[in-house]
Amino acid sequence: LGLIPTLRKYVQDFEEKTKIRALFETRGKEHRLSSAMEAAIYRLIQEALTNAAKHAYPTYVLVEITYQAQLVKIVVQDNGLGFKPELFQQKSKDHGHFGLIGMRERVELLEGRMEIESAENQGTKIVIHIPTNVE
Ligand code: ATP
Ligand code: MG
């Protein structure tokens, strides 16, 4: 199964399990990526959704994948509690939080970039761009 059907199922299961309304959308012309890239994207979304459910107490989450010519854009958004991303940006000595660091490393390996917008009580939006023209 390709990335999109796999994600659609994952998001649906997430909604059933957590009772958080979960939307999955794709934009642009869907196409297969390398299996390494698809696996990485799946894990990125898995961690972002897990964080939303575990930390944010949102009433909804959105996962959006946009296919562009040389780029795939991934958005994972929740309307929960929000947090201060700068506190979790780098490998800090107050450990025990590996999810965001792992996401950032995964994105960097793919020569992409990840931005986290979050504010107290305004939820969190994670935007990832991954170039698809490099293999
Ligand atoms: P791990 O992922 O290693 O099991 P973790 O989820 O605590 O642990 P990270 O995924 O790195 O670690 O997240 C770091 C911290 O950032 C979390 O502990 C939480 O405080 C905050 N956080 C992450 N995502 C969200 C979110 N969507 N909403 C609110 N807070 C978040
Ligand atoms: Mg986590």
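The structure we're discussing is the one just above.
How each quantity is defined
- Residues numbered from 1 in each chain as written.
- Chains lettered and ligands numbered in written order.
- Predicted model: local features only at pLDDT ≥ 70, side-chain atom pairs only at ≥ 80, totals over all residues.
- Heavy atoms only, no water.
- Helix = DSSP H or I, 4+ residues; strand = E, 2+ residues; numbered from the N terminus.
- Expected span 1.5 Å × (residues − 1).
- Buried < 20%, exposed > 50% of the residue type's maximum accessible area, 1.4 Å probe, protein only.
- Arc of directions from axis to C-beta.
- Contact = heavy atoms within 4.5 Å.
- Axes fitted to C-alpha atoms, helices over the stretch in contact; angles between N-to-C directions.
- Parallel < 35°, antiparallel > 145°, perpendicular 65-115°, else oblique.
- Left-handed = near helix turned anticlockwise from the far one by under 90°.
- Nonpolar A, V, L, I, M, F, W, Y, C, P; charged D, E, K, R; others polar.

Undergrad: Would you mind showing me how to read helix α2 (residues 35-56) here?
TA: Each α-helix turn comprises 3.6 residues. Residues three or four places apart therefore point the same way. For α2, which comprises 22 residues, the first-to-last C-alpha distance of 31 Å matches the rise-based estimate of 32 Å (1.5 Å per residue) to within 8%. Among the residues making up α2, those that are buried are Met-37, Glu-38, Ala-40, Ile-41, Leu-44, Ile-45, Ala-48, Leu-49, Asn-51, Ala-52 and Ala-56. In an axial view of α2, the angular spread of the buried residues amounts to 165°, which keeps them on one side of the axis. Of the exposed residues in α2, the ones pointing more than 90 degrees away from its buried face are Ser-35, Ala-36 and Lys-54. Its buried side turned inward, α2 meets α1 (3-18), β2 (60-68), β3 (71-78), α3 (99-109) and β5 (123-131). One or two steps after α2, the chain reaches Tyr-57, where phi turns positive at roughly 50°.

Undergrad: What's the story with the packing of α2 against α3 in this structure? I'm lost.
TA: Geometry of a packed helix pair, given as the angle between the helix axes and the separation of the axes. Here α2 crosses α3 at 155°, and the two axes come no closer than 10 Å. In terms of axis orientation, α2 runs roughly antiparallel to α3. For the element pair α2 and α3, the recorded crossing hand is left-handed. Touching Ala-40, Arg-43, Leu-44, Glu-47, Ala-48 and Asn-51 of α2 are Gly-99, Leu-100, Met-103, Arg-106 and Val-107, all from α3. Of the residues that constitute the contact of α2 with α3, the class distribution is 6 nonpolar, 2 polar and 3 charged.

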